[in-house]
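# Per-entry structural report
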Amino acid sequence: MPRCTSGRSDRFMLISSERVFYAGLHGKPSVRTLGALAVCVPLHGTARLEIEGQPPRVSEILAVPAYLPHKITSESREILGLLIEPESVCDEDLAEILRQCDDPAAASHLAARFREIYATMALSGTSGFTSADFDQIFLQRRLKQRELDARISTVVSRFQAKPSSSISGDDCASGVKLSLSRFLHLFKDETSMNFKTFRAWKRARNILHHVNVERNLAHFALDAGYPDSTHFSHSLRRIYGLQPSALFSGSRRLQIINGKDVASDVTAIRA
């Protein structure tokens, strides 16, 4: 289990290659499309979830499947959020998390747990954590790993190692000795997501390691693997529902703690 340290800010983000826990400002995001299953708990009160074609939902805890456009507004200025990479967990366990957050009794218990965990972490701190630690701490069980075809697993690991690189579908297909069309079909079959969408999410996710760094955003965009600042801005607005300037300015006080399994690409973007 993680060990405790002192000096934790009350706003922080824990990042492993397969999980993220965020405790900080919610801001005013518009519609966003995260590439992970997202669990959101307002620090106080309730939050409201809006998904096109569905009635709004208000609760102490909300869960949204990966790659589903949605908007969340909160009574609380600060929120707690857990992101779970869908290619790392079997469909049954992902569905169970969504069911648990929809069940009033289970949802109330889980929301209280998130708030208690946050209070403990804010006081004592946490480091040296893994995805298994995330699961046990927040969900009280280890989520079952998704069984991927070995070729697709190789590609997923490659993106975990270097999410900011411009790895093309052709590169990946060649690397696992498949035609491009066969690779793209197999990738979607195994992960339930489009390869290009997956690649865009991994690049945007890698930025989370650096959102508390003050620097020129145009230069940052190029270092993060985007062709230009316009593409960078459009991608972040679509994925996080925020302008890059709002995302970075709202994270200045955020303490970022990397897990044991975070890849070396974390240091690729220089401050």
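Residues numbered from 1 in each chain as written. Predicted model: local features only at pLDDT ≥ 70, side-chain atom pairs only at ≥ 80, totals over all residues. Heavy atoms only, no water.

Before going further, it helps to examine the UniProt feature "domain: HTH araC/xylS-type" (unreviewed entry) in the protein chain. Listed under "domain: HTH araC/xylS-type" (unreviewed entry) in the UniProt record, and renumbered for this structure, are residues 153-250. Helix makes up 66% of residues 153-250 and strand 0%. Its end C-alpha atoms lie 35 Å apart. (UniProt positions renumbered as here; feature names shortened; annotations may be inferred. Helix = DSSP H or I, 4+ residues; strand = E, 2+ residues; numbered from the N terminus.)

The subject of this paragraph is the sheet that holds strand E1 (residues 12-15). One open sheet holds the six strands; their spatial order is E6-E3-E8-E2-E1-E9, and the pairing between them is mixed. The sheet is open, and its two edges are formed by strand E6 (62-64) and strand E9 (255-258), each paired on a single side. Looking at each pair of strands side by side, their axes are set apart by 15 degrees on average, direction ignored. For E1 and E9, the ladder comprises four bridges, and the chain directions are parallel. Bridging across to E9, Leu14 finds its partner in Ile257. In this fold helix H3 (residues 131-139) packs onto E1, strand E2 (19-25) and strand E8 (78-84), with an angle of close to 55 degrees to the strand it touches most, E2. (Pairing = 2+ DSSP bridges. Axes fitted to C-alpha atoms, helices over the stretch in contact; angles between N-to-C directions. Contact = heavy atoms within 4.5 Å.)

At a closest axis distance of 10 Å, the pairing of helix H4 (residues 150-161) and helix H7 (residues 195-206) adopts a crossing angle of 25 degrees. One element, H4, and the other, H7, form an angle in the roughly parallel class. Here H4 runs over H7; the crossing is right-handed. Note on element contacts: H7 touches H4 through Phe195, Phe198, Arg199 and Lys202, opposite Val155, Val156 and Phe159. Taken together, the residues of the contact of H4 with H7 sort by class into five nonpolar, no polar and two charged. (Parallel < 35°, antiparallel > 145°, perpendicular 65-115°, else oblique. Left-handed = near helix turned anticlockwise from the far one by under 90°. Nonpolar A, V, L, I, M, F, W, Y, C, P; charged D, E, K, R; others polar.)

On to H3, then. The element H3 is extensively covered by neighbouring structure, given that seven of its nine residues are classed as buried. Taken as a whole, H3 has its buried residues at Ser131, Asp133, Phe134, Asp135, Ile137, Phe138 and Leu139. Positioned one or two residues after H3, Gln140 has a phi angle of 65 degrees, which is positive. (Buried < 20%, exposed > 50% of the residue type's maximum accessible area, 1.4 Å probe, protein only.)

In terms of burial, strand E3 (residues 37-42) is a largely internal element, six of the six residues being buried. Neither face of E3 is open: one carries Leu37, Val39 and Val41, the other Ala38, Cys40 and Pro42, and all of them are buried. In this structure, E3 lies alongside E8, joined through six bridges in antiparallel fashion. Looking at the pairing, Val41 lines up with Leu80 of E8.

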